[in-house]
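The residues making up each chain are set out below.
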Amino acid sequence: MPVTPARWLAEYAWLPEHAEPTPDVLIEVEDGRITAVTPLTPGSRPPAGVDVYADAVPLPGLTLPGLANVHSHAFHRALRGRTHGGRGDFWTWRDQMYAVADRLDPDTYLALARAVYAEMALAGITCVGEFHYLHHRPDGGAYDDPNAMGAALVEAAAHAGIRLTLLDACYLTSSVDGQALAGPQRRFGDGDAARWAERVAAFQPADSHVRVGAAVHSVRAVPADQLRTVADWARDRRAPLHVHLSEQPAENDECRAVHGRTPTALLAEHGVLGPDTTAVHATHPTSADLTVLGDSRTGVCLCPTTERDLADGIGPARRMADAGIRLSLGSDSHAVIDLFEEARAVELDERLRTRRRGHFAPADLLTAASVTGHAALGWADAGRIAVGARADLVTVRLDGPRTAGVPPVGLFFAATAGDVAQVLVDGRVVVAEGQHLSVDVPAELAAAIEAVTRQ
Ligand SMILES: [Zn+2]
């Protein structure tokens, strides 16, 4: 699709390395890239009555760089609000999640993911990392195209107008001690890591909005002697490598019982950690684990709204940052899709734990939600309002019921996804006046979820 050059005049824009937003910023875009960023100081303004910026389109509110949702399981969106009737924990929730997984095929998955990714676009998310393990038919047999489910996700992101990093997850066993996949888990498995690598290597979508990365589902799902195959596949291609890590104390206990070390130590020993690796959650690390993660320059993706929803616990975000770990954010199970909520939870959860305020500056929260997140998904040229960067611009209104009277620097403590007014992805307008331009998000969500939850 051709992209027209454009000049945008942001009432406020949050520029890289700035502690707070800058007023009156002219942002010029061509071929999907930012070509100029010019703060209009009083001295640079033309005399009254002369408007050389007449052709610039005003962006009232605060314009942010595109937000990156680093950890998503699109189909979990079908469970929102359906799992709160009884008691239970992560493991009882997981059984309900498997029941939905069992109902999906490439067509129903496309419809559901398209609506979910469009919901993300409405929330200012310009790139998503889909941690994908629904590979095969419910009985474990391959589709005619063994990557048909991944292809459905690629198409879904194209329809929704956002970029996608498909993190194809190796998922081979159901427990740390190597029990076989059973029931709804059978469709996750490729048999062994070599066959996983063969299938993923054959998946090479040409679309410019997608790149393919790798994932180790967890130490529960990939035996120790197969971890290096996945790590090498990613390293050879300089592809992002993600892994669920220590979300639950039970995973730590089982790993210690079977392998005599923590999940982090096991992953380090088998070459999984490193600067292109992102550990998801890391809610229950030891002090030594944090040192290993920091020293190996492994990032951590926090998913606070899911971690609270599933009663996982609070990850030690400040200690992670102090260990040199780069933090990013994900909405994971999509209990909510709102990176403002994820970002402020990083600070607010620390306050609950420590009974003190002021652990992360607002600019730190923006960095986690934007540039660090994009880098964790392999898009190092996105997430900054800077010359040469991808033209992803998210404009949030400052005149709504939640944001009126809030100073722009306080946005992350006031706004919700519902305050996003306009979203530009790679220079194209995807959301305008709070509406997605090509997807009727509520109607499509309702229909797609009905199709996979109908009794
Ligand atoms: Zn996850």
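Residues numbered from 1 in each chain as written. Predicted model: local features only at pLDDT ≥ 70, side-chain atom pairs only at ≥ 80, totals over all residues. Heavy atoms only, no water.

## Topic: the overall build of the protein chain
When helices and strands are tallied, the protein chain shows 14 helices and 16 strands. Radius of gyration (C-alpha) of the protein chain: 22 Å, near the 23 Å computed for a compact globule of 455 residues. With the C-alpha coordinates aligned to their principal axes, the bounding extent of the protein chain is approximately 75 × 50 × 45 Å. Within the protein chain, contacts between residues at least 6 apart in sequence are counted, and of these 74% link residues at least 24 apart. Of the side-chain charges in the protein chain, 41 are positive and 58 negative, and the distance between the mean point of each set is 3 Å. (Helix = DSSP H or I, 4+ residues; strand = E, 2+ residues; numbered from the N terminus. Rg over C-alpha atoms; globule rule 2.2 N^0.38 Å. Contact = heavy atoms within 4.5 Å. Lys, Arg positive; Asp, Glu negative; His and termini not counted. Charge placed at Lys NZ, Arg CZ, Asp CG, Glu CD.)

## Quick word on the pairing of strand 5 (residues 67-72)
Taken across its 6 residues, strand 5 has 6 buried, putting it largely inside the fold. Two strands pair when backbone bridges link them, and strand 5 and strand 6 (residues 125-132) are joined in this way by 4 bridges, in the parallel orientation. When the bridges of strand 6 are listed, Ser72 appears paired with Glu130. (Buried < 20%, exposed > 50% of the residue type's maximum accessible area, 1.4 Å probe, protein only. Pairing = 2+ DSSP bridges.)

## Let's talk about the sheet that holds strand 3 (residues 33-39)
Strand order in the open sheet formed by 8 strands is 3-2-1-4-13-14-15-16, and the pairing between neighbours is mixed. The sheet is open, and its two edges are formed by strand 3 and strand 16 (435-436), each paired on a single side. Relative to strand 16, strand 15 (residues 428-432) is paired through 2 bridges, and the arrangement is antiparallel. Looking across to strand 16, one finds that Ala432 is bridged to Gln435.

## Brief notes about the packing of aromatic side chains
For the structure on display, the rule yields 9 aromatic pairs. Aromatic ring contacts, followed pair by pair, group Phe75, Tyr98, Tyr109, Tyr133, Tyr171 and Phe188 into a single cluster. A cation sits over an aromatic face here: Arg211 above Trp379, 3.9 Å from the ring centre. (Phe/Tyr/Trp six-rings, centres within 6.5 Å; stacked < 30°, edge-to-face > 60°. Lys NZ or Arg CZ within 6 Å of the ring centre and 35° of its normal.)

## Observations regarding the state of the cysteines
All told, the structure shown has 0 disulfides when counted by the stated rule. Looking at the unpaired Cys170, the closest cysteine sulfur is the one in Cys255, lying at 16 Å. The exposure class of Cys170 is buried, given its relative accessible area of 0%. Free of any disulfide, Cys301 has its nearest neighbouring cysteine sulfur in Cys303, separated by 4.0 Å. Note on Cys301: relative accessible area 0%, which makes it buried. (Disulfide = S-S within 2.5 Å.)

## So, the sheet that holds strand 9 (residues 241-245)
The strand order across the open sheet built from 8 strands is 5-6-7-8-9-10-11-12, with neighbouring strands paired in parallel fashion. Pairing within the sheet leaves two strands with one partner each, and these edge strands are strand 5 and strand 12 (327-329). Ignoring strand direction, the axes of neighbouring strands in this sheet form an average angle of 25°. Contacts between helix 4 (residues 193-201) and the sheet are confined to strand 7 (163-170) and strand 8 (210-216), with strand 7 contributing the most and set at about 155° to the helix. (Axes fitted to C-alpha atoms, helices over the stretch in contact; angles between N-to-C directions.)

## A closer look at the side chain of Glu342
Along the chain, Glu342 turns up in helix 11 (residues 339-354). Look at Glu342: it is buried, it has no salt bridge, and the nearest opposite charge is Arg308 at 6.6 Å. Look past the residues within four positions of Glu342 in its chain and what remains in contact with it is Cys303, Pro304, Thr305, Leu329, Gly330, Ser331 and Val336. (Salt bridge = Lys/Arg side-chain N within 4 Å of Asp/Glu carboxyl O.)

## With respect to the packing of helix 2 (residues 106-122) against helix 3 (residues 148-160)
Direction vectors running N to C along helix 2 and helix 3 enclose 35°, while the axes themselves pass 8 Å from each other. Seen from above, helix 2 lies across helix 3 with right-handed handedness. In this structure, helix 2 contributes Pro106, Tyr109, Leu110, Ala113, Arg114, Tyr117, Ala118 and Ala121 to the contact, and helix 3 contributes Ala148, Met149, Ala152, Leu153, Glu155, Ala156, Ala157, His159 and Ala160. Here the residues of the contact of helix 2 with helix 3 are counted per class, giving 14 nonpolar, 1 polar and 2 charged. (Left-handed = near helix turned anticlockwise from the far one by under 90°. Nonpolar A, V, L, I, M, F, W, Y, C, P; charged D, E, K, R; others polar.)

## Details of empty space enclosed by the protein
Counted under the stated rule, the structure contains 2 cavities of 30 Å³ or more. As a volume, the largest cavity reaches approximately 190 Å³. Taken together, 21 residues line the largest cavity, and the ones lying closest to its centre are Phe90, Trp93, His217, His244 and Glu247. For the lining of the largest cavity, the elements supplying multiple residues, two or more each, are helix 1 (90-101) and strand 9. Top contributing element to the lining of the largest cavity by residue count: helix 1, with 5 residues. Across the lining of the largest cavity, the residue classes tally to 8 nonpolar, 8 polar and 5 charged. The volume enclosed by the second largest cavity comes to roughly 30 Å³. Forming the walls of the second largest cavity are His132, His135, Pro146, Asn147, Met149, Gly150, Leu166, Asp168, Arg199 and Phe203. Elements represented by at least two residues in the lining of the second largest cavity include exactly helix 3 and strand 7. A breakdown of the residues in the lining of the second largest cavity according to their chemical character gives 4 nonpolar, 4 polar and 2 charged. (1 Å grid on protein atoms, 1.4 Å probe; cavity = no way out; pocket = protein on both sides within 12 Å on 5 of 7 lines; lining within 4 Å. Points joined across faces, edges and corners; volume = space filled by probe spheres on them.)

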